[in-house]
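A structural walkthrough
Spelled out, the chains give:
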Amino acid sequence: YFARASFDIANKYLISGSVRRDGSSRFGADNKWSTFPSASVGWKIHNEDFLLDSNTLSQLKLRAGYGVTGNQEIGSNYGYMGIYSPSVGPARYQFGNQFYNTLRPEEFDADLKWEELQTYNVGVDFGFFNNRLSGTVEAYYRETEDLLATVPVPAGANLSDLLVTNVGETVSKGVEVGLNGTLIQKEDFNWDMNYNITFQDLEITRLSLGENPNFFIPQGGISGGVGNNIQIWKEGYDPSTFFVFRQVYNEAGQPIEGAYADVNGDNEITEADKVPYKKASPDYFMGFTNTLNYKNLDFSFTFRGSFGNYMYNNTQSGNGFVTAGTVTPQDYYSNLNSNVLESNFVNNQFFSDYYIQKADFVKLDNISLGYLFPGEKVDFRTSLTATNLWTITDYDGLDPEISSGIDNNFYPRSTSLVLGLNLIF
């Protein structure tokens, strides 16, 4: 069910609201349906009598909103239902001369429910000089409740190793700023510029699967070994936080193999010495676009940047040690990652923070050049567009922009050139 109402009073005051009720067969009968409301208000201050005659201010609008949305994308259709999987192949049990297939219970959560995201936002839209300079400033606060996730099942439960369940809450907050300007506006020449920047902070505020303040859920599978994870979900930390040993270095700045900081001071290095360290999500990101037109010629370009994010370089940790190439089942050496020449590691050091690398970047995303040829009956425009042209970064891997924060098995983004021809009749 869905309903919506919107009111515009005197072209000054805006009120709108909506409510929807959604059902999903991925949840049991008690949790199948959920209701998601939203509401917003706005005030067009520029239409008030005291600003109508302003020659400077052309737009000023205050607005605020609240809304709830739901998520049921859990990758499993029967996570709430106790089902059994029959064995296949030779996995059978013998009684006398007869063999019987076995049935294995699958993990399930009978109380599985919708993940809900509540968002609060306030903002101001402004424009000056007939909107030649305009922009938006917005602050938001988002709280995710009953966060859906796939988590490990305790060993010995006679189940497969992963369970889909509601695990807790997260809070995201930030500020978004957007600016638009017409720098030059002439008969034959125009120059428009757009800039935006977003500051963000994301934190897990509650994990419902354990009362221990040190409880965490391993995340972020990596290549190398079996079942290894490099990230954690833990209260007070970003969901993309890495979980590693702190590497010890010699006087020359070289990592010492197997030497890690004794964080808890018990004079031995154990799993208890792993610590949350850095995160994959950026502190802030931005975009910058320019569009220029001179008579029939047009030119545009876009830069995009991300800052404060880190990457786990699994291509280095997975093959950047001597035995990765020398201890092999075949009678020849395997290829190694060239980082082995810098680390000199003989054996794998998967959980060293040596492989957590700064992944700030600025990319030249797009450049476009076009020209319009006017005709008596047909106009045609030719254009040349290039994408993913240039990346500025100190990251050692193939690409600093991998959403998971784990660089392994990444298919490289291509640089493309497109020649276009448009006919206008």
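What you are looking at is a predicted structure, and each value in this text was computed from that prediction instead of being measured. (Residues numbered from 1 in each chain as written. Predicted model: local features only at pLDDT ≥ 70, side-chain atom pairs only at ≥ 80, totals over all residues. Heavy atoms only, no water.)

Turning our attention to the overall build of the chain. Of regular secondary structure, the chain possesses three helices and 28 strands. The dimensions of the chain, computed from C-alpha atoms along their principal axes, are 90 × 60 × 55 Å. Taking all 425 residues of the chain together, the buried fraction comes to 36%. Long-range contacts, defined here as pairs at least 24 residues apart, represent 64% of the contacts in the chain between residues at least 6 apart. Per element, the accessible surface of the chain, about 24,900 Å² overall, is 54% carbon and sulfur. (Helix = DSSP H or I, 4+ residues; strand = E, 2+ residues; numbered from the N terminus. Buried < 20%, exposed > 50% of the residue type's maximum accessible area, 1.4 Å probe, protein only. Contact = heavy atoms within 4.5 Å. Areas by Shrake-Rupley, 256 points an atom, 1.4 Å probe, with all protein chains shown as cover.)

Along the polypeptide, Asp 407 turns up in strand S27 (residues 406–407). Buried charge without a partner: Asp 407 forms no salt bridge, and the closest opposite charge is Arg 413, 9.2 Å away. In this structure Asp 407 touches Met 311, Tyr 312, Asn 313, Asn 314, Thr 315, Tyr 395, Gly 397, Leu 398 and Ile 402, once residues within four positions along its chain are discounted. (Lys, Arg positive; Asp, Glu negative; His and termini not counted. Salt bridge = Lys/Arg side-chain N within 4 Å of Asp/Glu carboxyl O.)

Right, let's get into the nonpolar core. Most often, soluble globular proteins keep nonpolar side chains buried together rather than apart. Among the nonpolar cores identified, the biggest contains 19 residues, and Ile 222, Ile 230, Phe 242, Tyr 312, Phe 350 and Ile 356 are the most heavily contacted of them. Among the secondary structure elements, those contributing two or more residues to this core are strand S17 (241–244) and strand S23 (310–313). Beyond its immediate sequence surroundings of up to four residues, Ile 356 is in contact with Phe 242, Val 244, Tyr 277, Lys 278, Tyr 310, Met 311 and Tyr 312. Counting ten residues, the second-largest nonpolar core is a separate cluster that includes Leu 147, Val 151, Val 153 and Trp 233. (Core = buried A, V, L, I, M, F, W, Y, C linked by side-chain atoms within 4.5 Å.)

Right, let's talk about a nonpolar patch on the surface for a bit. Judged by side-chain polarity, Tyr 294, Leu 297, Phe 299, Leu 369, Tyr 371, Phe 373, Phe 380, Leu 421, Leu 423 and Phe 425 come together as a nonpolar surface patch covering roughly 980 Å² of accessible area. Contributions of two or more residues to the nonpolar patch are made by strand S22 (297–307), strand S25 (361–373) and strand S28 (416–424). The element contributing the most residues to the nonpolar patch is S25, with three residues. Within the secondary structure layout, Phe 299 lies in strand S22. (Patch = residues over 30% accessible without salt bridge, like charges linked within 9 Å, V, L, I, M, F, W, Y side chains within 5 Å.)

Attention shifts here to the packing of aromatic side chains. If you walk through the whole model with that rule in mind, you get 22 aromatic pairs. Centroid distance Phe 245 to Tyr 260: 4.9 Å. Interplanar angle 20 degrees. Geometry classified as stacked. Note that Phe 245 is positioned in the loop between S17 and strand S18 (247–249) and Tyr 260 in strand S19 (residues 255–260), a separation of 15 residues in sequence. Considering the side-chain rings of Phe 301 and Phe 303, the 5.9 Å spacing of their centres and the 80 degrees angle between planes classify their relative orientation as edge-to-face. The exposure class of Phe 301 is buried, given its relative accessible area of 18%. Chaining the aromatic ring pairs together yields one cluster made of Tyr 312, Phe 345, Tyr 354 and Tyr 355. When the ring centre of Tyr 140 is taken as reference, the NZ or CZ atom of Arg 142 above it lies at 4.1 Å. (Phe/Tyr/Trp six-rings, centres within 6.5 Å; stacked < 30°, edge-to-face > 60°. Lys NZ or Arg CZ within 6 Å of the ring centre and 35° of its normal.)

Moving on to unusual backbone geometry. For Asn 11, which is not glycine, the phi dihedral falls at a positive 55 degrees. Summarising the element assignment, Asn 11 is placed in the loop between strand S1 (2–9) and strand S2 (13–23). Residue Asn 388 is not a glycine yet carries a positive backbone phi of 55 degrees. Looking at the element boundaries, Asn 388 is found in strand S26 (residues 379–393). Given a relative accessible area of 16%, Asn 388 falls into the buried group.

Turning our eyes to something else, we now look at the side chain of Ser 281. Within the secondary structure, Ser 281 is located in the loop between strand S20 (275–279) and strand S21 (284–294). Within polar-contact distance, the side chain of Ser 281 engages the side chain of Asp 238 at 2.7 Å. Excluding anything up to four places from it in sequence, Ser 281 contacts Gln 200, Asp 238, Ser 240, Gly 308 and Asn 309. (Polar contact = N/O pair within 3.5 Å; in protein donor to acceptor, adjacent residues only side chain to side chain.)

Our focus in this paragraph is the pairing of strand S14 (residues 189–207). Here strand S13 (residues 168–185) runs beside S14; their pairing, made up of 17 bridges, is antiparallel. Its bridge partner being in S14, Gly 168 is matched across the sheet by Leu 207. Hairpin connection between S13 and S14: a loop of three residues separates the two successive antiparallel strands. Pairing geometry for S14 and S21, over eleven bridges, is antiparallel. Among the inter-strand pairings, Ile 197 is bridged to a residue of S21, identified as Met 286. (Pairing = 2+ DSSP bridges.)

Under the criterion given, the structure shown has 17 salt bridges. Of the charged contacts in the structure, one is a salt bridge between Glu 271 and Lys 274, with a shortest N-O distance of 3.1 Å. On the basis of relative accessibility, which here comes to 53%, the residue Glu 271 falls in the exposed class. For the salt bridge of Asp 360 with Lys 358, the shortest nitrogen-to-oxygen distance reads 3.4 Å. Connected through salt bridges with shared partners, the residues Arg 304, Lys 363, Asp 365, Asp 399, Glu 401 and Arg 413 form a single ionic network.

Moving on to the pairing of strand S12 (residues 162–166). For S12, the buried fraction is high: four of the five residues fall into the buried class. Judged from the five bridges that link them, strand S11 (residues 148–152) and S12 form a sheet pairing that is antiparallel. Within S12, the position partnered with Pro 152 by the bridge is Leu 162.

With that settled, the discussion passes to the sheet that holds S27. Adjacent strands of a sheet form backbone hydrogen bonds with each other and so pair up, either parallel or antiparallel. On the basis of which strands lie adjacent, the open sheet formed by three strands has the order S24-S23-S27 and mixed pairing. Edge positions in the sheet fall to strand S24 (356–358) and S27, since each of these pairs with one other strand and no more.

Attention now goes to the environment of Asp 399. With respect to the helices and strands, Asp 399 occurs in the loop between S26 and S27. Exposure remark for Asp 399: the relative accessible area of 7% places this residue in the buried category. In this structure the C-alpha to C-alpha distance between Asp 399 and Phe 361, which are 38 residues apart in sequence, comes to 9.3 Å. Residue contacts for Asp 399: discarding those within four places in its chain leaves Met 311, Lys 363, Phe 410 and Arg 413. Separated by 3.2 Å, the side chains of Asp 399 and Lys 363 make a polar contact. A polar contact is formed between the side chain of Asp 399 and the backbone nitrogen of Glu 401, at a distance of 2.7 Å.

From the geometry alone we can't say anything about function, so treat these as descriptive.
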